[in-house]
Amino acid sequence: MTAAAPEPKANMGQPVPRYDAHSKVTGRATYASDMPLANPAYAFLVTSAIAKGRVDGFDLAEARAVRGVIDIVTHENAPKLKESKLFSNGGYAGTTIQPLKSPDIAHDGQIIAVVIAESYEAAREAANRVKVNYTVAAPSATFDSPGTTTAAAKGQNSQFKEDPKVGDFAKAFAAAEIQLTAAYDTPTQHHNPMELFTTSCAWIGDDLVIYEPSQYVHGLKNGVAEQLGIDADKVRVVNPYVGGGFGSRGSMTPRTAIIAGIARRLNRPIKLVATRDQGFTITTYRAETRHEIKLGASRDGKLVALRHEGAEVSSRPDAYCVGGTKTTTRLYACPNVDSLVSIVRADRNTPGFMRSPPEVPYLFALESAMDELAVKLDMDPVELRRINDTTNEPIGGKPYTSRSLMACFDEAAKAFGWSQRSSQPKSMAEGDWLIGYGCAATCYPTQMGPAAARVRLQRDGRTRVEIAGHEIGTGAYTVIAQTAAERLGVPLEKVAVFIGDSDLPPAPVAGGSNSTASTCSAVMMMCDQIRQRLFKAVMPDSLTDKAKETVGISQAPTTQAAKSNRPLDIEKAFDALGVSVVEEYGEWKPEGAPLDSFKAMHSGHVRLVGGHQMQDKIAYAFGAEFVEVRVNRFTHEIRCPRLVGAFAAGRIMNPRTARSQLMGGLIWGMSSALLEATEIDERNARYVNDNLADYLVPVNADVPGVEVILLSEQDDHINPAGAKGLGELANVGTNAAICNALYHATGQRIRKLPVRLENIEV
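Residues numbered from 1 in each chain as written. Predicted model: local features only at pLDDT ≥ 70, side-chain atom pairs only at ≥ 80, totals over all residues. Heavy atoms only, no water.

Caption draft 1: Focus on the overall build of the protein. Helix and strand counts for the protein come out as 18 helices and 28 strands. Here the C-alpha radius of gyration of the protein, 27 Å, is about what a compact globule of 762 residues would show, namely 27 Å. Out of the 762 residues belonging to the protein, those deemed buried represent 61%. Of the contacts formed within the protein by residues at least 6 apart in sequence, a portion of 82% connects residues at least 24 apart. For the protein, the accessible surface area stands at approximately 28,200 Å², while carbon and sulfur atoms represent 50% of it. In the protein, which carries 82 positive and 86 negative side-chain charges, the distance between the mean positions of the two groups comes to 2 Å. (Helix = DSSP H or I, 4+ residues; strand = E, 2+ residues; numbered from the N terminus. Rg over C-alpha atoms; globule rule 2.2 N^0.38 Å. Buried < 20%, exposed > 50% of the residue type's maximum accessible area, 1.4 Å probe, protein only. Contact = heavy atoms within 4.5 Å. Areas by Shrake-Rupley, 256 points an atom, 1.4 Å probe, with all protein chains shown as cover. Lys, Arg positive; Asp, Glu negative; His and termini not counted. Charge placed at Lys NZ, Arg CZ, Asp CG, Glu CD.)

Caption draft 2: A look at the state of the cysteines. Counted under the stated rule, the structure contains zero disulfides. Note on Cys334: no disulfide assigned, nearest cysteine sulfur contributed by Cys443 at a separation of 16 Å. (Disulfide = S-S within 2.5 Å.)

Caption draft 3: Looking closely at empty space enclosed by the protein. Tallying each qualifying case throughout the model produces 11 cavities of 30 Å³ or more. The volume enclosed by the largest cavity comes to roughly 170 Å³. Lining the largest cavity are 18 residues, with Thr95, Pro254, Thr281, Ile282 and Thr283 positioned closest to its centre. Here the residues of the lining of the largest cavity are counted per class, giving six nonpolar, 12 polar and no charged. Here the second largest cavity defines a volume of roughly 100 Å³. Taken together, 14 residues line the second largest cavity, and the ones lying closest to its centre are Thr95, Ile97, Gln98, Gln227 and Pro254. When the residues that make up the lining of the second largest cavity are grouped by side-chain class, the tally is seven nonpolar, six polar and one charged. (1 Å grid on protein atoms, 1.4 Å probe; cavity = no way out; pocket = protein on both sides within 12 Å on 5 of 7 lines; lining within 4 Å. Points joined across faces, edges and corners; volume = space filled by probe spheres on them. Nonpolar A, V, L, I, M, F, W, Y, C, P; charged D, E, K, R; others polar.)

Caption draft 4: View of unusual backbone geometry. The peptide bond linking Leu753 to Pro754 adopts the cis configuration, its omega dihedral lying at -5 degrees. Note that Pro754 resides in the segment after helix 18 (734–746). For Asn267, which is not glycine, the phi dihedral falls at a positive 55 degrees. Tracing the chain through its elements places Asn267 in the loop between helix 6 (256–266) and strand 12 (270–273). Residue classification places Asn267 among the exposed positions, given a relative accessible area of 66%. Unusually for a residue other than glycine, Asp378 sits at a positive phi of about 55 degrees. The exposure class assigned to Asp378 is exposed, which follows from its relative accessible area of 63%.

Caption draft 5: Layout of the sheet that holds strand 7 (residues 149–152). Strand order in the open sheet formed by five strands is 7-15-14-13-8, with mixed pairing between adjacent strands. The open sheet has two edge strands with one neighbour each: strand 7 and strand 8 (178–186). Here the strands of the sheet are splayed against their neighbours by 15 degrees on average, with no regard to which way each runs. Two elements, strand 14 (residues 303–315) and strand 15 (residues 337–346), share 10 bridges in a ladder whose sense is parallel. Looking at the pairing, Leu306 lines up with Val337 of strand 15. Against the sheet, helix 8 (residues 359–377) contacts strand 8, strand 13 (289–297), strand 14 and strand 15, and its axis sits at roughly 145 degrees relative to strand 8. (Pairing = 2+ DSSP bridges. Axes fitted to C-alpha atoms, helices over the stretch in contact; angles between N-to-C directions.)

Honestly, that's just the spatial picture; any functional story needs more than this.
Shown next as structure tokens:
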């Protein structure tokens, strides 16, 4: 067969249907709870009813009397586990609070016992009959609660390394013609993916197999091995599909090693499916934040001073923070910048990554403040951003690899009809409804991590791709298959992709919007190596050409052909090689990655690079979002009939899957502004609305119109795929755009999320 030439390098791939669409709509896709186990026992968690104190004792008589109960595990008889460092401090764990280690209680909903039974129903019944005696201490719940402690994040968290600053902010702000100072608040939010937090563990001799929804199978594998004190090669994590993660499954959970230890002790597979309400406390969440923004500007709108001070809540033992000032201080041109991030320690479970972890809360503050500054200047908010657009970030002066922010604003404004906006608040209405238009910028750092891949090409064009990436619902199977098909020139339907298994070549965590850039770059490199082997069979390099390539003078003809769009006669090449299969395995490392990247990759540690951390450049994806809100002047109901977003993120590998991600992000951004908040009982440091009946999320009727615009953008400085990553881009800034539109509709500036009808004063 003669393979078609790979498609020319372009900014948009083909919008092919999802690779896994048929499996998902027919129910053939297997999630962790679907994996068959031989004669499993079932686990059910007992969680703490207090947030601080200790367990004085258990009364287990009624629980043990339930028919089918096998064992009840507490701190008194639990398997002993080794310590593991926090994920954001270079370890594996989402929290260092280790359940069943001692009688001490660090937060509400902490795991204090595990019931094992012959059926799920028996385990649940027995768990509900466990009686616990506590000694209760007064907990500190959140900001302003008695007993909390506050300290600067820098020095507490190894991943938070700077409070960006440049120039003399205090002097410039004092001298600024226009000054703005404003405070903003964002709430606690929980991920609530559709798939529950489930873990199944089975031992085969000395080898452990874990079936668990994970965004990082190699991290989970190595982390559990560390806690159990066994060789990581003895652990395998299998996870072909994840029913949503949003960051909640990026680090090792506190439950996994416990279930594995119990399964080993009982010599029997164990399946745990935690309940929805337990998912609020046995995993991570987005912590509440507070912000103070100070902006100084000249009368023509140019920023002369910017300060962003943020504070975040974390648990007592873990100094987790997201620290979004690394983005907000670099978004606009400003010669004098200052920032500070602080961590407030409370008696809560440890927070963690949640979709666009730093940017969602921190851009809310900055983009709201930019709108307030535009009002002070009597200037169009889009024009204020145009005046302060920049090709170089202000902190280090590094150029952006590409920056299409204002192109996104122009396209989105045109599609939205921004020119029809009357600038005065409360000036647009239709019947009983006040109408407001608002906008905000969105951005997200382009991040990449080392990845390995194995690609196998057969004579008939059938291709097998293996990489331990993760299908968290974003279309990883699809874009990986497309990458191989395009580079090898084979039909897409002949490509088989295998991911979600720690026995496969390692890939980074599926977080930080790095997956496509990382996995596709590794697959492209392997495909090019296969092409080079095949080209060598039909057009051997001369010794002179090879010598020149070795010393870096030029590329040999076969290397040039492999990396070009030159067509390849696969059958002829295989005939020349005298083989029926060609296979390549290799590891790809992004530019600027640390020297220990490959070692870290195999040991399940994260080494993401990019964003502002690049040596001589800075890489971000950008977008602009416009919203229409309507507020009933009598009932104060809030409606959001239109969301429009334009986005530029390098090469879009598949416009169909990209559009779905961006549309979901816009809806989530609206939800973060108007609906989502985990309510906290501050007296007891407990979550109140820990279910999907009371934790509000949008439905179809809440979002009647969503328009996604994909801009073509070429960026040759980031990675072989040219992809910036966009999974976390669209839900950034939407919350600010909503509040900006609410101000335009009502004349009321709201700086605390979420906005509910009781907050409206018209």
